[in-house]
Amino acid sequence: MKKLDKFLINNFKIFEGRNWFSFSELNILTGANNSGKSTIIKFIKLISEGFRYSDFPAIDLEKGIENLGDFNQIVNKNSKEKKIGFGLQTNISNFDTPFTIEYTFQEGRYSGMVVFLSLEIKDSKGIVFIGIYDHYRYWDGERNSPLKSPYTGSDDTSMLNAKINIKLLKKYVEKLSNNESIDYDFSKILDYLANTFSDYWWFETFREYIYEDDVDYKNTTYDKKFNDFLEDLKEDFYSNLADDNLKEEIHDDKDNDAVIKYNNITKETCYILFIEKVLKPIFSEIRSQINLILDDNLIYIINDDCLQKRFIENKPETEFLLKLTRLLNIKENKFHFIEEGLYENHVHLYKILNIFGFDSLIDIRKHFNSGFTVDFIPLKIKKEKTETFPRGCTHVDCENDLKNKISVADLGKGSQTIFFIILKVLSIILLEKKKDDKANSEKKKKPDKIPPNKIILIEEPEVFLHPSWQSKLADFFVYCIKNFNIQFIIETHSVYLIQKLQLLTARKEIAPKQVNILYFNSQKEKEKYYKLNIREDGILKEDFGEGFYDESLNLTIDLLKIQNPN
């Protein structure tokens, strides 16, 4: 399973400086109020939204669910450097240690925007392998660009400057060659780069630039992706293999000899092939890691009151329910003529509802095009048998008919909360599985048992829940991890959820390494956060902070003092 292993938060809100967080399959963020738990979720979501349009994004702070305000409200107050950033970890080729992907942003021309400043890929020693920098913002009055481009200082200058560490690049090519991933000898271009540029090969790309006053962020250079970056590099408008002197000669329209000389260099070194065979795989690996936190893969669940209504209108917030109408629709008192494979959806739903004590199913039924209803149906599956129908179906007998159904709106707030979380998570799993199965069918591949990886963020799922159901949330999350390729990041104050996770670990239903509990302190004199490690027997190796497990004991002692003043 490909998952988010490490995430860097740099100078965002309460987190001063560089803070690396390690993640596993089931991640619990807990601790004191105002200590930074929800900040992590907000930041991941902010970055995810920003990368919707670009790999070098400008991010609008005033949009989205959080509406974070302006730059001064998100940058850490104690930071001398008024920049924020995030990072990920990735593997490149067969290097022994992973690389880090580190982005930096600064305030845009408008306070409600943060804009791309730099991207650096660093090795385990912190040495930059690849760096990409915004020309206008990174090279300020105190620092001059190392590039002596004939366009520097003009309105038509490149938007991005970039560099590659030539020594590490040679190692990368050697690793690929040993793996027989490339079938060409690139020693000529590597030697040429080393002789011409010494330690780093600097180059330029994205020649168009629009000042921020006129920016439409969806239709400018800000919407560029890594593929665009590589295509612009292949176009080679800036003659990137030329040294400073040759570059100036090339852009002198009268000097055709310099152009001919440069064209010969690019042919002899196989410049275009080098970008396609060497640089493209590097950026593909970087992009695959960033994909983990993009909108399609990262799902944010915030409790909604839509299930309080008998008739639910079709709107963006309830679109996931509408999509489930075909997957969770029950006809008469039998699952009759259900499309092949869909019965499995009901089995998962039935087993999950059983975790919370329901022998039931949920029927989601569309009414014309204006909306739909969600009904709770008490029933037990009596038997099932597969019959041969024209479309291939499963025939199932149920104990009760649909006359016993109850609108979910008539149930208590706790039940509505549970059903909302269950249906939201199942919509992610089942709809993705359906899409994946369709793709495999077109490729004539056997359907996968689990869908592609997803990261699901949930804030305070225990709200409105009885302590018993809070503990059973742990069973639900573990069930999803065992049966589906997903990763949870959950912010919670529920002692019962955590204690049940300890019990499930002791029962060997989930491995200790699959559970990651981070405890956050609010007191400045203590470390900001630390990991609570679970042993094989379910016991925590570290203690919770004050006011968590011990609060019940403290209240009991205070009560006894009142009853026994002497």
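Our subject is the structure listed above.
1. Quick notes on the packing of aromatic side chains
On inspection of all chains with the given rule, the structure shows 41 aromatic pairs. Aromatic side chains Phe356 and Trp469 sit 6.1 Å apart centroid to centroid with 85° between the ring planes, which places their arrangement in the edge-to-face category. Residue Phe356 is located in the loop between helix 11 (343–355) and strand 14 (360–367), and its partner Trp469 is located in helix 13 (residues 467–483); the two are separated by 113 residues in the primary sequence. According to the relative accessible area criterion, Phe356 is buried, its value standing at 3%. When its relative accessible area of 18% is taken as the criterion, Trp469 is described as buried. Looking at Lys163, its charged tip hangs above the ring of Tyr200, at a distance of 4.4 Å from the centre. Lys413 extends its terminal NZ or CZ atom over the ring of Phe464, reaching a point 5.0 Å from the ring centre.

2. Overview of the pairing of strand 7 (residues 113–122)
For strand 7, the buried fraction is high: 10 of the 10 residues fall into the buried class. With 8 bridges connecting them, strand 6 (residues 99–107) and strand 7 associate as antiparallel partners. Bridge assignment links Ile101 to a residue of strand 7, and that residue is Ile121. Count of turn residues in the strand 6/strand 7 antiparallel hairpin: 5 residues. In this sheet, strand 8 (residues 128–134) lies alongside strand 7 in antiparallel orientation, the contact comprising 5 bridges. Residue pairing in the sheet places Ile121 in a bridge with Ile130 of strand 8.

3. Focus on the packing of helix 4 (residues 166–178) against helix 5 (residues 187–197)
Here helix 4 crosses helix 5 at 175°, and the two axes come no closer than 10 Å. By the angle between their directions, the pair helix 4 and helix 5 is classed as roughly antiparallel. Residues Ile166, Leu169, Lys170 and Val173 of helix 4 touch helix 5, and the partners they reach there are Leu190, Asp191, Leu193, Ala194 and Phe197.

Parameters and conventions
- Residues numbered from 1 in each chain as written.
- Predicted model: local features only at pLDDT ≥ 70, side-chain atom pairs only at ≥ 80, totals over all residues.
- Heavy atoms only, no water.
- Phe/Tyr/Trp six-rings, centres within 6.5 Å; stacked < 30°, edge-to-face > 60°.
- Helix = DSSP H or I, 4+ residues; strand = E, 2+ residues; numbered from the N terminus.
- Buried < 20%, exposed > 50% of the residue type's maximum accessible area, 1.4 Å probe, protein only.
- Lys NZ or Arg CZ within 6 Å of the ring centre and 35° of its normal.
- Pairing = 2+ DSSP bridges.
- Axes fitted to C-alpha atoms, helices over the stretch in contact; angles between N-to-C directions.
- Parallel < 35°, antiparallel > 145°, perpendicular 65-115°, else oblique.
- Contact = heavy atoms within 4.5 Å.

In short, the description is geometric, and any link to function would need to be established separately.
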